[in-house]
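# Descriptive structure summary
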Amino acid sequence: MRDHSKGPQGHEDDEKPTAGPDAVGTPSPADGAGDLAVWTGRATNRIQWLLAVAGAACLALGVELAVDSAWTSGLAPLVMAVVGCVAAGLLMLYGTLAFVHVAVRVDTEALEVRCGHIGVPRTRIPLAHVVGADFAPRVTPRQWGGWGYRWRPEKGTAVVVRRGEGFVVRLGDGRSFTVTVDDAEAAVQVIRRGLRLAAGRRAAA
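Everything quoted here is computed from the prediction, not taken from an experiment.

Cut-offs and rules
Residues numbered from 1 in each chain as written. Predicted model: local features only at pLDDT ≥ 70, side-chain atom pairs only at ≥ 80, totals over all residues. Heavy atoms only, no water. pLDDT = per-residue confidence, 0-100. Contact = heavy atoms within 4.5 Å. Pairing = 2+ DSSP bridges. Helix = DSSP H or I, 4+ residues; strand = E, 2+ residues; numbered from the N terminus. Axes fitted to C-alpha atoms, helices over the stretch in contact; angles between N-to-C directions. Salt bridge = Lys/Arg side-chain N within 4 Å of Asp/Glu carboxyl O. Buried < 20%, exposed > 50% of the residue type's maximum accessible area, 1.4 Å probe, protein only.

### Description of the confidence of the model for the protein chain
Interpretation of the predicted coordinates at a detailed level should be avoided for regions scoring low in pLDDT. Considering every residue of the protein chain, the mean pLDDT works out to 75; 57% of them sit at 70 or more. Confidence drops under pLDDT 50 across residues 5-24; counting only partners more than four residues distant or on other chains, this segment forms 54 contacts. Contacts for the low-pLDDT stretch residues 28-35, under 50 throughout, to residues beyond four places or in other chains number eight contacts.

Dropping the structure here:
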């Protein structure tokens, strides 16, 4: 589990993304949560599958060189070529498969973000640490220096899987967390509602 820290770096994606058919925000009643909803949403960038194919090709090339190589220039160059191809292929595969889509969940306790098919990197931010949430109509990889799990000192941390809408949560320590997700305005409303309910409970106490 990753709790609001820097993560792996990605590469800039200047292609126009496409959202999957299930990339929507879905509010539902929360068990025992009064009138607060549990919100879930996701966003998908299928174009990143092209980079995954390129990574698989690099990996296959490394395996082919290791198994069936007729190089006559020596063992060291062959080992370097094999290691380079395999390493590049694995990095490309992880970087794309981990950030092909993002899943977001907001409930009475926390905001949780899971990336990729295995849910890693994963970020969980308790709402007790959040002081505000804002809708971001256009988040781009260019703003963050690439796609993936990003960190910039002047901007905070972000999970960027495609261009488009997202939201920004402001934390009590002055940092911020940005995530691209469809129907982000609904997520912002749920977060703000949770903050108001928490403030009301503190005032009543």
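### Some points on the sheet that holds strand β7 (residues 148-152)
Strand pairing within a sheet occurs via backbone hydrogen bonds; the two strands may be parallel or antiparallel. The strand order across the open sheet formed by five strands is β6-β9-β10-β8-β7, and the pairing between neighbours is mixed. Looking at strand neighbours, the two that pair on one side only are β6 (130-139) and β7, the edges of this open sheet. Each strand axis lies, on average, 20° off the axis of its neighbour in the sheet, ignoring direction. Note that β7 and strand β8 (residues 156-160) share five bridges and pair antiparallel. By the bridge assignment, Trp-151 is partnered in β8 with Thr-157.

### Digging into the pattern of salt bridges
Tallied over the entire structure, the rule returns eight salt bridges. Between Glu-112 and Arg-114 there is a salt bridge, and its shortest N-O distance comes to 3.1 Å. The class of Glu-112 is buried, set by a relative accessible area of 15%. Where Arg-175 meets Asp-173, a salt bridge forms, and the shortest distance between an N and an O atom there is 2.6 Å. By relative accessible area, Arg-175 is classed as partly exposed at 41%. Taken together, the shared-partner salt bridges connect Glu-112, Arg-114 and Arg-122 into one network.

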